[in-house]
Structure formats: C-alpha cells, structure tokens
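One-letter residues, chain by chain:
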Amino acid sequence: MARQHARTLWYDRPKYVFMEFCVEDSTDVHVLIEDHRIVFSCKNADGVELYNEIEFYAKVNSKDSQDKRSGRSITCFVRKWKEKVAWPRLTKEDIKPVWLSVDFDNWRDWEGDEEVELAHVEHYAELLKKVSTKRPPPAMDDLEFTTTVVSCCPAELQTEGSNGKKEVLSGFQVVLEDTLLFPEGGGQPDDHGTINDIAVLRVTRRGAQADHFTQTPLTPGSEVQVRVDWERRFDHMQQHSGQHLITAVADHLFGLKTTSWELGRLRSVIELDSPSVTAEQVAAIEQSVNEKIRDRLPVNVRELSLDDPEVEQVRARGLPDDHAGPIRVVTIKSVDSNMCCGTHVSNLSDLQVIKILGTEKGKKNKTNLIFLAGNRVLKWMERSHGTEKALTSLLKCGAEDHVEAVKKLQNSTKLLQKNNLNLLRDLAVHIAHSLRNSPDWGGVVALHRKEGDSEFMNIIANEIGSEETLLFLTVGDEKGAGLFLLAGPAEAVETLGPRVAEILEGKGAGKKGRFQGKATKMSRRPEVQALLQDYISTQSAEE
C-alpha cells in the first residue's frame, strides 16, 4: 500500500512553531528535526504508513526542539533561530499542501504572549502526557462513551421558543477529547444527548473539533460519560442513508442530479436539478429503492487520502473550505459511493421502507422531492389512519367515500354561503330604508351588528346615499376587533376618518366621502359617536 500524508496542523509563536501530526493510535513513530526541515513517519491503527517531509520557511534550532506523542497525535515544538520574527507560512515554498492547515484555535496575536510562551509549551506537553492513554474512538452505533473535558467556555445559543419567537440561552461551549455526538453538517441536523446527564442542546463543528452547548459548566480535565439520544440518531441515520439511496437511483434511472437536500423535522427534501419530475418517474424511483432495501445491501464507511485516485470515482458536491485530512466515503454496495460526514445505517434493511410523498416546484428550474424513510413512514401511517378514523366518524361513511362526501359538503356550504349573502344584502337594504325613514334621521346615525362584513356596510351606505348625515357603521365583536365605516360629507369624512381609526386603535383609508378599516377596540364606539356629534354641533353653530 502506498504511503500517505498525515493531516498536519500548525501555528506560530514568538519563539516556537508548533506542529501537530493528527494520527490516532500511532505506532513506529519517527521524528527527525533538522535546522531546515522536519521528517515525520509512523503507522496508523490500520497499519497504513504515513510520511511527511516539510522544508521550513526559516531556519530553526534543532537542538532546542522536542516532540510529544499522545493517543491521538504527535506534537512538535520547534525553536526558531530568529525569535520574534513571524512566519507567514510553515513551508519554504509558497505552495500549501492539501494535508497542511493552520490551527486557528491556537493562532492569536503575540502581544503579551512572550512571557508566558515557555509556560504554555510546558503546560501543553504535560497535557499531552496526561492524555497519552486515550481510549479508542467511539463507534457509530455506540450509545455511551467515556472521554475527557478539554475546555469549557461561556457561550450563548439562539433558539426558537414554543411561541415561535427567537430566544437566547446562556450556557457553555464544551470541547471534549473525543465525542460520540454528531455536529450538524452535510444537510443533517446535530445529535442530542447528555454529558454526565447534563443535556446537550446543540453540537456544532468548529474546524476539526465539536462544540457541545450545555447550560451547566463542566470541569476541564475531568472524565465524563457521553450518551447519545438514540431515537433521534437512528432517525437521522435512516433519513440520510435513504437520501443517498434515492439520489443514486434517481441519477441512475433518469439522470436526475441532486443539488442539495434537507433533513427536516417531519419530512426530508431532495432538490433535483430538473424543472419537472413525472409521476411515473417518482413511482419508478420508489419501486427501485424499496427493492434494494429488500436486497439487504450493506453500507460501509471508508477513509481515503485526498490524493487517492479512487477519490475521482466518488460522487461529491465539494468539500468544506476548512477541510483537512482524509476523505470519508460512504458506499452502498453495487449502488453508490459518496463523500459524506454524516451518520448512516450499516445495511439498507435498517431503512425498512421508503415512501416518496410527491414533488413540489423548487427554485431556479429545480424540483423538490419529498420523502420519508424507516420509522417516519410508520408514524405517518399512524397519523393518516387516525385521521381516516376521525373522518369516517364525522362523515358517516367508509374511507373510500371520504372524498365524495367532502365534495358534497363543499357544494352545500357554497350554496348556503350564497344564500346567506343574498339574505345579508336584503337585510342591508331593509336597514338602510329603516334608518332613512326613522324620526331620528339626521346629524349622526350609528349602527352596530355582530354579523356582517365590509360589503354589508357599503350596501347600507349606498342605499342611504346622503351626503348631509354622518353615518357610522360597525360590525364584529362589541368589545373586541371588527370593521368600521364612516360615510357622509367628503370634507367631514376626510377630517374625522383618521381620528375615528385612532380612537378604535385600528387602521383605515378612504376617499370620496367614505373611510373604512379594521379596529381592535370596538368598546370605544361611544367615544367615536361623541366625536362625531361634537363635530356636527360645531358645524351647526358656525352656520
């Protein structure tokens, strides 16, 4: 097997340059530090030989340099020949290898850093010594995992409350030596779980590490037990593996390429690079994916180096800008190989079944395919069956007659609404004539009804047709919200309309002698009537 490069992180300090060769459970480790280069070699847990040779940006003091090995990496502290001279890069040539990255978590300004640098080196070496007996990393299907707290810092988390409004929670970002919990990424939400029975509310990726948000602090250096919410994890595994399978089959059968996907709370969506997908294509995709589930095809995960020729044969939509190290490849036997960081089932039979619910128009000539996998299909069937039973009871007919029964109800409702509207119009005309013929006609005329709408009020105003009387009409809850209309002389309505809306704590607009709108405080109608009466009295006095 050809030698590979070890993923390497580095950062710069006034006196030292720090390098970390990220290899877990390494054996046969050899580190050669010379004044102008470093040569590193080892074997990883799989027996693969790793080799890195770096020509330094500047000369170093090889006699005052050292290296420390832990269970997860080998760290080198290289003393600069010229101290307090910043290195813009680690390598002599201005070419960045794909396996080399800046450790931004430890890169910071030098101001105030020189006096503590040596202590920092000693402390870091001591920390490496303490974790040199690091346990094996967790497997994908582990439910619990024991690890060590590396750091715990105050932090805030923005969430959506039960009322739909955004809330900000105060808590802590906890970094562990290793973790069982998946950070959100690649279209998949994060895992939930606990650290020492303390709830982990969010897990996010920051470079090569995972940040765990908790509302209780944890002591750095302490041993903790991490437990995953398996129901949520397994659901995500089913949906994500289901997406890989649908994507591969849609491409193979019809050349439909996946451009993105989203694992939603209730359903998942695959965005296909096509303006339309026919019902026949959807049916064929669903039949094919379920046949492959019944074939019990295995799903396995491998890691490849970035320069491995096999990477070119793997389906991918690109790597994150901050990616470093090996490529993780998820393969469904005889179906698909895809770069992916997410959690997956180990066999397609674990998906149980996939149901494609249909398609929707997407953005920019794309089509969204909506699907459910595994337990979500069972839950969807349970909800659908519950709805069917409720409709059967309400409609007094079997499930096969539900659609026709609802159509009949809709037609009956439309007819009743039409008849009701005609009656309401007749009532409006009658009320208009009654008001017009009332001995109290003139000045200000007010009317309120609980039932009615804008058309009802406008019919009354049209029938009365007087430009000498102020007509104040309202419909709705007597003390709550409703609609209002003010009609009369154009000049008076233009002046009084906005004031009426203000009193009723509503909004409105008007023209040609009418002002109408929505109100939130119908209980203040007497105040409006008093305002209108004062206006009429003032006008009469002036005449």
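Rules used in this analysis
- Residues numbered from 1 in each chain as written.
- Predicted model: local features only at pLDDT ≥ 70, side-chain atom pairs only at ≥ 80, totals over all residues.
- Heavy atoms only, no water.
- UniProt positions renumbered as here; feature names shortened; annotations may be inferred.
- Core = buried A, V, L, I, M, F, W, Y, C linked by side-chain atoms within 4.5 Å.
- Buried < 20%, exposed > 50% of the residue type's maximum accessible area, 1.4 Å probe, protein only.
- Helix = DSSP H or I, 4+ residues; strand = E, 2+ residues; numbered from the N terminus.
- Contact = heavy atoms within 4.5 Å.
- Phe/Tyr/Trp six-rings, centres within 6.5 Å; stacked < 30°, edge-to-face > 60°.
- Lys NZ or Arg CZ within 6 Å of the ring centre and 35° of its normal.

As recorded in an unreviewed UniProt entry, the protein goes by the name Alanyl-tRNA editing protein Aarsd1, listed as coming from Diceros bicornis minor. Taken directly from UniProt, the Cofactor (unreviewed entry) text for the protein runs: "Zn(2+)". According to the UniProt record, the Subcellular location (unreviewed entry) comment for the protein is "Cytoplasm".

1. Let's talk about the nonpolar core
By size, the foremost hydrophobic cluster in this structure holds 29 residues, and its most contacted members are Leu 245, Ile 246, Ile 285, Leu 348, Ile 354 and Phe 371. Top element by residues in this core is helix 2 (residues 230–254). It accounts for six residues. Setting aside chain neighbours within four positions, we find Ile 246 in contact with Ile 270, Ile 285, Val 289, Ile 354, Leu 369 and Phe 371.

2. A short note on the packing of aromatic side chains
Per the counting criterion, the structure on display carries eight aromatic pairs. Where Tyr 11 meets Phe 18, the ring centres are 4.7 Å apart and the plane angle is 5°; that geometry is what we call stacked. We classify Phe 18 as buried; its relative accessible area is 1%. Ring pairing ties together the aromatic residues Tyr 11, Tyr 16, Phe 18 and Phe 77, which thus form one cluster. Between Arg 3 and the ring centre of Tyr 51, over which it is positioned, the NZ or CZ distance is 4.1 Å. Positioned above the aromatic ring of Trp 81, the side-chain terminus of Lys 59 is 3.8 Å from the ring centre.

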